[in-house]
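Descriptive analysis of the structure
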Amino acid sequence: SLADRAASNLAEGLDVVVATDHNAIAADWRSAIAELRPARPLSVIVGDEVSIERFGHFSVIPWAAAAAAPEVHGRMPSDVVCALDGPDRVIILNHPRAGGRTGYFENVGLDEKNGASLLGYFDAIEIFSGKDTTRVEPALRDWLSLLDRGFGFTAVGGSDSHLIAGQEVGWPRTCIPTTGDQPIDAAALVSAIKTRHEALVTNGPFVRVSVAGHGMGQLAPAPRGRAKLDVEIEAAPWIDVRRLELFINGS
């Protein structure tokens, strides 16, 4: 139930839940949260996971709760996804290496030399989906390869939770920076992911990086091909952060 869903998000300590069902707009979250009488607030941003069989899954955030979900049946997949775009919403390519039914990169045949003309329908790529860390590297390699080719997609992560137990929410999660009392709403989410490319994907540690005062997602100067990287890592005592790997140009 939505009340169970809300309770699981509260238990994980999340500030905001981004609710995206498959080809459906989520129901009355406000009433479900109120039913729990929670001791702290939980905000909900409603979106839709546009699921196109044998093509891919795309989250569009936000999507008006009162509106119908985008129609996918009987339409060209590219037309469906292109119609989702807008300045006030972000489109995320979900689990791009999930297999032929839902893995977009597999379905379009993306590799190091092919597929560039098929990109551009989305703003961000879900690099980390669910709790299984062994499935991260293929999507991470794709993302790094695309960066090398000039595609500046933002890397995000999501729990892809379908169950209360076994697929818990918040494993992993995407964090965006805010200032002061700025609300974490749909506008802040779109600005961070779509405009500034400033997001942290984590299943525990918080890693902040900067080059010459430029933070995550920004272009920084590298005179003569050299730059000083500042790294700050915060983590709870039970999270192992004794090793840091740095990727440069995908390697």
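Up top you'll find the structure we're talking about.
Residues numbered from 1 in each chain as written. Predicted model: local features only at pLDDT ≥ 70, side-chain atom pairs only at ≥ 80, totals over all residues. Heavy atoms only, no water.

Going through the model one piece at a time under the given rule, you end up with ten salt bridges. Close ionic contact of arginine 173 with glutamate 12 constitutes a salt bridge, the shortest N to O distance being 3.5 Å. Here arginine 173, found in strand β7 (residues 173-175), pairs with glutamate 12, found in the loop between α1 (2-11) and β1 (16-22); they are 161 residues apart in sequence, far enough to count as distant. A relative accessible area of 27% means that glutamate 12 is categorised as partly exposed. The closest approach of N and O atoms between aspartate 85 and lysine 194, which form a salt bridge, is 3.3 Å. Of this pair, aspartate 85 sits in the loop between α3 (77-82) and β4 (90-94) while lysine 194 sits in helix α6 (residues 186-195), and the two are 109 residues apart along the sequence. (Salt bridge = Lys/Arg side-chain N within 4 Å of Asp/Glu carboxyl O. Helix = DSSP H or I, 4+ residues; strand = E, 2+ residues; numbered from the N terminus. Buried < 20%, exposed > 50% of the residue type's maximum accessible area, 1.4 Å probe, protein only.)

Relative to the assigned elements, alanine 19 resides in strand β1. The sequence separation of alanine 19 and isoleucine 45 amounts to 26 residues, and the corresponding C-alpha distance is 6.3 Å. When neighbours within four sequence positions are excluded, alanine 19 is seen to be in contact with Ala26, Trp29, Val44, Ile45, Val46 and Gly47. (Contact = heavy atoms within 4.5 Å.)

Examined against the element boundaries, leucine 2 turns out to sit in helix α1. The class for leucine 2 is partly exposed, based on a relative accessible area of 25%. Expressed as a C-alpha distance, the spacing of leucine 2 and proline 223, which sit 221 residues apart in the sequence, is 53 Å. Excluding anything up to four places from it in sequence, leucine 2 contacts Ala27, Asp28, Trp29 and Ala32.

The element strand β3 (residues 56-61) is extensively covered by neighbouring structure, given that six of its six residues are classed as buried. Burial along β3 is two-sided: Gly56, Phe58 and Val60 and His57, Ser59 and Ile61, pointing in opposite directions, are all buried. In the sheet, strand β2 (residues 43-52) pairs with β3 via five bridges, with the strands oriented antiparallel. Its bridge partner lying in β3, glutamate 49 is registered against serine 59. In this antiparallel pair of consecutive strands, β2 and β3, the connection spans three residues, and arginine 54 shows a positive phi of 60°. Across five bridges, β3 lies against β4 in antiparallel orientation. From the neighbouring strand, isoleucine 61 faces β4, where its bridge partner is valine 90. (Pairing = 2+ DSSP bridges.)

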